[in-house]
Amino acid sequence: MNQKLQAVIAETEKAVIGKRNTLLWVTLAMLAGGHILLEDIPGVGKTTMALAFCRAMQLEYGRVQFTPDVLPSDITGYSLYDKETGRMEYQRGAILCNLFLADELNRATSRTQSALLEAMEEGQVTVDGTSHPLPKPFCVIATQNPTGAAGTQRLPDSQIDRFMIRLSIGYPRTQDETEMILRHQGGRPLDRVSCIMTAAELSRMQAECAAVYASRELAEYVVALIAGTRTSPDLARGASPRATLGVMSMAKAHAYLSDRDYVIPADVRAVFSTTVAHRLILTPDAEHAGKNAFDIANEILAATPVPGVLDRSAARRMPAQSSDGTAAPPQTKSRQGGPRT
């Protein structure tokens, strides 16, 4: 299975150059059944990345460019009277797909943004009192321009909390931008992305990730880390119980991508900060001191005791860790067979 995931990442790299770590994080979140928020300036490849994953995984794709005049019914669908049947018939909304791209989400009104909440949490939309299940697998990749850009507004905390991770792609390196120009000379690189797996295979992988074993000690470790966010003097508000489940789901995906069917502390440590940082609200004093949520999450990670080895059989199978107990990102193999991160 991991060979297919490696091939998926290789295919997306045809269109998204030099951002392998970002592609790995998106893959982890999709395996964990989560949603991804991409916060960056326009033009760095957010939409291209979403399209590349759709093509590589053969996902049904839906996209809405959010503007102030987009209505909730554009997202969820609406009922329309059918004269032939004499009944109201449901018209599908754009969100009924496998991968929904909410482009520039923070340009929409609060009412329209709220149309995503039920879909992201419960996997369904309700129109005129009737619930309509979304296809499986289902994932939202939302993009937003940095707060303060023209025509933007802050996303509500309830929506931020529904995203498994928040990423920033950033500017490409000089050599990667040069390569981007050269690849566009032969047509759109996105058109050269091939299908590697199907939506059904992704669903099966998600089920396998959910079945990855996590002991009580590991669950207690995750809870201790989350508790640290709620007692930190630098945070006005810590992570929610939804974040607790998100950290464990991401840790299981990390273990799965690392060819293990059990979670170790290194998996939790590898995903904790990226999974919780966007959910944290700093105190005014912490903001004034120039701190950021990611650094505070790392401080909590360093201060929380790591549980010991679970059992002797697991100890014999555990991969080596660095001196501070952290794990490297999951390794994938290049076509030449060497490790690449």
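Note: the structure precedes this text.
Residues numbered from 1 in each chain as written. Predicted model: local features only at pLDDT ≥ 70, side-chain atom pairs only at ≥ 80, totals over all residues. Heavy atoms only, no water.

(A) How the structure looks around the nonpolar core. One finds Met30, Leu31, Ile36 and Val268 to be the most contacted residues of the largest nonpolar core, which totals 71 residues. It is helix α11 (residues 241-257) that provides the largest number of residues to this core, a total of 9 residues. Dropping the residues within four chain positions of it, Met30 is found in contact with Ile36, Phe53, Met57, Leu59, Leu99, Cys139, Leu202 and Gln206. Core analysis: the second largest hydrophobic core is formed by 24 residues, Phe66, Phe100, Leu134 and Phe138 among them. (Core = buried A, V, L, I, M, F, W, Y, C linked by side-chain atoms within 4.5 Å. Buried < 20%, exposed > 50% of the residue type's maximum accessible area, 1.4 Å probe, protein only. Helix = DSSP H or I, 4+ residues; strand = E, 2+ residues; numbered from the N terminus. Contact = heavy atoms within 4.5 Å.)

(B) Local environment of unusual backbone geometry. Put simply, Lys136 and Pro137 share a cis peptide bond, and its omega is 0°. On the secondary structure map, Pro137 appears in the loop between β7 (130-133) and β8 (139-144). Positioned with a positive phi, Glu104 is a non-glycine residue whose angle comes to about 55°. Tracing the backbone through its elements, the reader meets Glu104 in the loop between β5 (99-103) and α5 (110-113). A residue is classified by how much of its surface remains accessible, and Glu104, at 14% relative accessible area, is buried. Notably, Asp259 is not glycine yet its phi reads approximately 65°, a positive angle. Judged by its relative accessible area of 61%, Asp259 falls in the exposed class.

(C) Representation of the sheet that holds strand β1 (residues 36-39) within the structure. As summarised here, the arrangement of the 5 strands in space is β2-β5-β8-β1-β9, forming an open sheet in which the pairing is parallel. Looking at the sheet topology across the chains shown, the edges are occupied by β2 (61-65) and β9 (165-167). Within the sheet, the average angular offset between the axes of one strand and its neighbour, ignoring direction, is 15°. With 5 bridges joining them, β2 and β5 adopt parallel strand pairing. Within β5, the residue paired with Gly62 across the bridge is Phe100. (Pairing = 2+ DSSP bridges. Axes fitted to C-alpha atoms, helices over the stretch in contact; angles between N-to-C directions.)

(D) Spotlight on the environment of Asp103. Mapped onto the elements, Asp103 comes out in strand β5. Judged by its relative accessible area of 5%, Asp103 is buried. In this view, Asp103 contacts Thr47, Arg63, Val64, Gln65, Phe66 and Thr143; residues no more than four positions away in its chain are not counted. A distance of 3.1 Å separates polar atoms of two side chains, one belonging to Asp103 and the other to Thr47. (Polar contact = N/O pair within 3.5 Å; in protein donor to acceptor, adjacent residues only side chain to side chain.)

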